[in-house]
Amino acid sequence: MSRYAAMFDRLNGDGAFGAFLMLGDPDLETSARHLNELVEAGADMIEVGIPFSDPVADGPVIQAAAQRALASGVRVGDCLDLISALRARHSAVPIGILTYANIVVARSGFIRDSSEAGADSLLIADVPTLEAEPFVLEMEQAGIEPVLIAAPNTPDATLERIASLSKAYTYCVSRAGITGTHAAGTFDSKLIGRLEAAGAPPPIFGFGISTPNHVQAALATGARGVICGSAIVDRLSRSGSARELVGLLKSATSNDKVRNDSGAQ
Amino acid sequence: MRLSGRFGRFGGCYVPEILVPALEQLEGAFLDAQDDSAFAAELNDLLTNYAGRPTPLTRCRNLPGNIYLKREDLLHGGAHKTNQVLGQGLLAKRMGKTRLIAETGAGQHGVATAIVGSLLGFETVIYMGAEDVERQKLNVFRMELMGARVVPVESGGRTLKDAINEALRDWAASFETTHYLLGTAAGPHPFPTMVREFQRIIGREARAQIQEQLGKLPDAVVACVGGGSNAIGLFADFFDDPVRLVGVEAAGKGLNGEEHGATLLRGTPGILHGAETYILQDSDGQIADTWSVSAGLDYPAVGPEHAHLKDSGRAEYVGATDAEALAAFKALAENEGIICAFESAHALAHALKLTEAEPDGAILVGLSGRGDKDVAQAQALLA
């Protein structure tokens, strides 16, 4: 069983809480410490960015994190080493990579190396379902699970392709825009229903999560989890620790809490 | 998508999923318009009676050899850019969009987009690297004079590539009301195909004009290549002819160093700004900083059709340095009374080299723009 499937089993109906950070931000040592802290603070799954110089799908917070990492001289190989170290310390937590196509194609064997480092999934922000097939084939051979993005404007035919091509989870975008810029708490339950009908991997909301209310609103749509990115990256860069934030957001993922709060409204 | 969007292995549509429906809508509108005689008639009317087509073909009287200049510098707006912004502007109307966004480097495409925004009644926002905003104050004022808003981009290297990133980010949030009027034959499908078709008129006119003036086809067709829209527009109608096609990249301070914009000569295949193409990058895939005296050639990727023309051997690509371009810029002014854009001077510089090797050859040069924007810089460089 994959680490994602095992995680969903373990959670037994509670929402998964995914924590994102940019590898190498602001340097390798600090980043290694932050990774460990995110797991210890209660993150169910870890999503890591491999910095790219031209991140068109990201807003200012995550762009700045990538810039800090690159400015400190972080290389792709260093990022894979950070993943290996995290995997050595935490054998069960699913680790997903979020990066851009040019990082994947520039290094021969990137997908195989990511799998060997201990990553479980790979999402390539600028590879839509339309262009995904060759990447998916390589991921299947390397034993790493492809993650694709679904948005409210994604047609049903594409959701069906997502169902047949991807594994791990489906990264859901609640509405148009880039990371870190979403209006709070707007989550499309229609998209979740359409993904379920298409038989896509478990839907997880990836944009617009920074408070416990957002977590509950996202899970109330029927989504199986959330990923918090910009808010964690912002907190890490300001105060050097996201322990409290992760604990607070994770505490909002309990299924009882979601049901009770929705019922009370 | 109805078309493959591929040129051999190059091209494609590498964008966040959320933008795919917007690109599908654009492809549909473009293909429908291609079959619509009313669209062609309106575009043709604007090209003729607003922009001033056809542009002349001028045989150089005093420079050596047989050099013919396709005079896109005489087009309204001062460069070939106007051809395709009119096409995309009409498509944006057809799709019911009310807002245009565009990226610009030195400001030429920004000015062209401001022109069409004013003419056809769009809210217009131009993303421009903060560094370029400082260097090109006059063009910023031109855009604002025509009603566009110029947004300085502070991220990354604060130049053209960062302006494209920011325009893509805007579009990911605004595509329902907004058309992204990309400035060159690069980016995700359908832009490379669509921009080529809107620029094809350059080569179509030039091919007929040179046959009329010279009585035959030229031996070589030479154009500068940054993103590559003027070159692909000039080349397209010569693909099936026994004619050398030569693209000239910015060799900047020399191809052996790192300060150049010679993507096809020194780059490697990769994926940037929506397309698989040649890219200047490091071994990790991080995009390199580029350099050229001409802002229009200072870009780390290139249109994917040029990548294919290079690999297939149908076109050849060479470089001209800053110094060679500047010498050609000066020679054209002194001998022919024409002040051309620094970009176009790269093409002329190579044509002069070809003429030295084969004095009898007839060479068609794409003079893609006029040099007003470069005069202040030229004054400093030539002093």
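Per-chain numbering applies: the sequence of each chain, read as written, is numbered from 1 onward. Chains and ligands are labelled sequentially in the order written, the chains with letters from A and the ligands with numbers from 1. Residue-level local features of this predicted model are given only where pLDDT is at least 70; pairs of side-chain atoms are given and counted only at 80 or more, and the full residue set underlies all totals for whole chains, interfaces and linings. Only hydrogens and water are set aside; all other atoms, that is, all heavy atoms of the structure, feed into the side-chain values.

J.: Tell me about the overall build of chain B, and please be specific about residues and values.
T.: Starting at the N terminus, helices and strands are each numbered in turn, a helix being any DSSP run of H or I of at least four residues and a strand any DSSP run of E of at least two. A count of helices and strands for chain B gives 14 helices and 14 strands. For the radius of gyration, the atom set is restricted to C-alpha positions; the globular benchmark scales as 2.2 Å times the number of residues to the power 0.38. The C-alpha atoms of chain B give 19 Å as radius of gyration, which agrees with the globular expectation for 383 residues (21 Å, within 12%). Overall size of chain B, expressed as C-alpha extent along the three principal axes, is 55 × 45 × 40 Å. A simple rule labels every residue: compare its accessible area, found with a 1.4 Å probe on the protein chains alone, to the largest value its type can have, and call it buried under 20%, exposed over 50%, or partly exposed in between. Burial status across chain B gives 66% buried among its 383 residues. Intrachain contacts of chain B at a sequence separation of at least 6 include 72% that bridge at least 24 residues. Using the Shrake-Rupley algorithm and a 1.4 Å probe, accessible areas are obtained, with residue cover drawn only from the displayed protein chains. Of the roughly 13500 Å² of accessible surface on chain B, 49% is carried by carbon and sulfur atoms. His is not counted, nor are the chain ends, whereas Lys and Arg count as positive and Asp and Glu as negative. All charge positions are set by atom: Lys at NZ, Arg at CZ, Asp at CG, Glu at CD. Side chains of chain B carry 34 positive and 49 negative charges; the gap between the two charge centres is 3 Å. Only heavy atoms enter the contact rule, under which two residues are in contact if any of them lie within 4.5 Å.

J.: Describe the packing of aromatic side chains, listing the residues and the values that go with them.
T.: Stacked, edge-to-face and tilted are the three classes for Phe, Tyr and Trp ring pairs, Trp counted by its six-membered ring, which pair at centre distances within 6.5 Å; planes under 30 degrees apart are stacked, over 60 edge-to-face, the rest tilted. Overall, the coordinates contain 11 aromatic pairs over all chains when judged by the stated rule. Each ring, one from Phe 30 of chain B and one from Phe 198 of chain B, has its centre 5.9 Å from the other, and the planes form 80°; the classification is edge-to-face. In this pair, Phe 30 of chain B is assigned in helix α1 (residues 20-34) and Phe 198 of chain B in helix α8 (residues 191-214), connecting sequence segments 168 residues apart. The residues Phe 30 of chain B and Phe 198 of chain B share a single accessibility class, namely buried. Relative to Phe 198 of chain B, the ring of Phe 39 of chain B has its centre 6.4 Å away and its plane inclined at 35°; by these criteria the two rings are tilted. Here Phe 39 of chain B, found in helix α2 (residues 37-50), pairs with Phe 198 of chain B, found in helix α8; they are 159 residues apart in sequence, far enough to count as distant. Taken together, the ring pairs connect Phe 30, Phe 39 and Phe 198 of chain B into an aromatic cluster. Two thresholds decide whether a charge sits over a ring: the Lys NZ or Arg CZ must be within 6 Å of the ring centre and within 35 degrees of the ring normal. Above the plane of the ring of Phe 8 of chain A lies Arg 224 of chain A, whose end atom (NZ or CZ) is 4.7 Å from the centre.

J.: Run through helix α13 (residues 342-357) of chain B, naming residues and quoting values.
T.: Given 3.6 residues per turn, any residue in an α-helix points the same way as the ones three and four places further on. Here a helix's expected span is defined as the number of its residues, less one, multiplied by 1.5 Å. Between the first and last C-alpha of α13 of chain B there are 23 Å, a value that for 16 residues agrees with the 22 Å anticipated at 1.5 Å per step. The buried fraction of α13 of chain B is high, at 13 of 16 residues.

J.: I'd like to hear about the sheet that holds strand β9 (residues 220-224) of chain B, residue by residue, with values.
T.: Residues and elements named next belong to chain B. Strand pairing is defined by DSSP finding a minimum of two bridges between the two strands. Across the sheet, 6 strands lie side by side as β3-β4-β14-β9-β10-β13; this open sheet has mixed pairing. Both outer strands of the open sheet, β3 (57-59) and β13 (315-321), are each paired with one neighbouring strand and no more. The mean inter-strand angle of the sheet, taken between neighbouring strand axes irrespective of direction, is 25°. Direction of pairing for strand β10 (residues 244-252) relative to β13: parallel, over a ladder of 7 bridges. By the bridge assignment for β13, Ala 250 is matched with Ala 320. Under this scheme, a helix contributes an axis fitted over its contacting stretch, all axes are lines through C-alpha atoms, and angles between N-to-C directions fall in the 0 to 180 degree range. Strand contacts of helix α12 (residues 322-336): β4 (66-71), β10, β13 and β14 (362-367), with the helix running at about 85° to β13, the strand carrying the most contacts.

J.: Account for the interface of chain B and chain A, with residues named and values stated.
T.: Across the boundary between the two partners, chain B contributes 32 residues, which contact 35 residues of chain A. Approximately 2700 Å² of surface area, both sides summed, lies buried where chain B meets chain A, with 54% of it carried by carbon and sulfur atoms. A simple way to read buried area is as the amount of 1.4 Å-probe accessible surface that goes missing from two parts once joined, with both sides added. Its largest share of buried area at the contact with chain A, chain B owes to Glu 17, Arg 169 and Asp 284 of chain B, together 28% of the area lost on that side. Any carboxyl oxygen of Asp or Glu that lies within 4 Å of a side-chain nitrogen of Lys or Arg is treated as forming a salt bridge with it. For Arg 6 of chain B, the salt bridge is made with Glu 131 of chain A, and the minimal N-O distance between the two is 2.7 Å. Pairs of N or O atoms within 3.5 Å make up the polar contacts considered here, provided that, within protein, one atom can donate a hydrogen while the other can accept it, and that residues adjacent in sequence are counted only when both atoms are side-chain atoms. The tally of links between chain B and chain A comes to 19 residue pairs in polar contact (both at pLDDT 80 or more). At the level of secondary structure, the elements contributing two or more residues to the side of chain B that touches chain A comprise α1, α7 (160-174) and β11 (268-272) of chain B. Considering each element in turn, the side of chain B that touches chain A owes the most residues, 8 residues, to α7 of chain B. The residue classification treats Ala, Val, Leu, Ile, Met, Phe, Trp, Tyr, Cys and Pro as nonpolar and Asp, Glu, Lys and Arg as charged. All others, Gly included, are polar. Looking at the side of chain B that touches chain A residue by residue, the class counts come to 16 nonpolar, 9 polar and 7 charged.

J.: Could you give an account of the side chain of Gln 286 of chain B, with specific residues and numbers?
T.: By the secondary structure assignment, Gln 286 of chain B is in the loop between β12 (275-279) and α11 (304-312). In this structure the side chain of Gln 286 of chain B is engaged in a polar contact, spanning 2.9 Å, whose partner is the backbone oxygen of Pro 51 of chain A. Separated by 2.8 Å, the side chain of Gln 286 of chain B and the backbone nitrogen of Ser 53 of chain A make a polar contact.

J.: Quick rundown of unusual backbone geometry? Include the residues and the values.
T.: At the junction of Asp 25 of chain A and Pro 26 of chain A, the peptide bond is cis and its omega measures out at -5° in the coordinates. Secondary-structure assignment places Pro 26 of chain A in the loop between β1 (16-22) and α2 (28-40). Each neighbour pair has its own omega, and for His 189 of chain B with Pro 190 of chain B the value is 10°, a cis peptide bond. The topology assignment puts Pro 190 of chain B in the loop between β8 (178-180) and α8. In this structure, Ala 168 of chain A takes a positive phi of about 55° despite not being glycine.

J.: How would you explain the packing of α2 of chain A against helix α4 (residues 76-89) of chain A if you had to name every residue and give the values?
T.: Residue and element names in this part refer to chain A. Interhelical geometry of α2 versus α4 gives an angle of 35° and a closest axis separation of 10 Å. The crossing of α2 and α4 is right-handed. Facing Leu 28, Ser 31, Ala 32, Leu 35, Asn 36, Val 39 and Glu 40 of α2, the residues of α4 in contact are Asp 78, Leu 82, Leu 86 and Arg 89. Left-handed describes a crossing whose near helix is turned anticlockwise from the far helix through less than a right angle; right-handed describes the clockwise counterpart.

J.: Residue-level account of the pattern of salt bridges, with values.
T.: Residue and element names in this part refer to chain B. Evaluation of the coordinates by the stated rule reveals 44 salt bridges over all chains. Across the pair Asp 237 and Arg 200 runs a salt bridge, and its minimum N-O distance is 2.7 Å. Linking Asp 237 in the loop between α9 (229-235) and β10 with Arg 200 in helix α8, this pair joins segments that are 37 residues apart in sequence. Residues joined by salt bridges that share partners form a network here, namely Arg 196, Glu 197, Arg 200, Arg 204, Asp 237 and Glu 305.

J.: How would you sum up the packing of α4 of chain A against helix α6 (residues 110-117) of chain A? Please name residues and give values.
T.: Residues and elements named next belong to chain A. At a closest axis distance of 8 Å, the pairing of α4 and α6 adopts a crossing angle of 25°. As summarised for this structure, α4 and α6 are arranged roughly parallel, according to the angle between their axes. Between α4, through Val 76, Leu 80, Ile 83, Ser 84 and Arg 87, and α6, the contact on the second element is made entirely by Phe 110, Asp 113, Ser 114 and Ala 117. Among the residues forming the contact of α4 with α6, the class breakdown is 5 nonpolar, 2 polar and 2 charged. Should an angle fall under 35 degrees it is taken as roughly parallel, and over 145 as roughly antiparallel, whereas 65 to 115 is taken as roughly perpendicular and any remaining angle as oblique.

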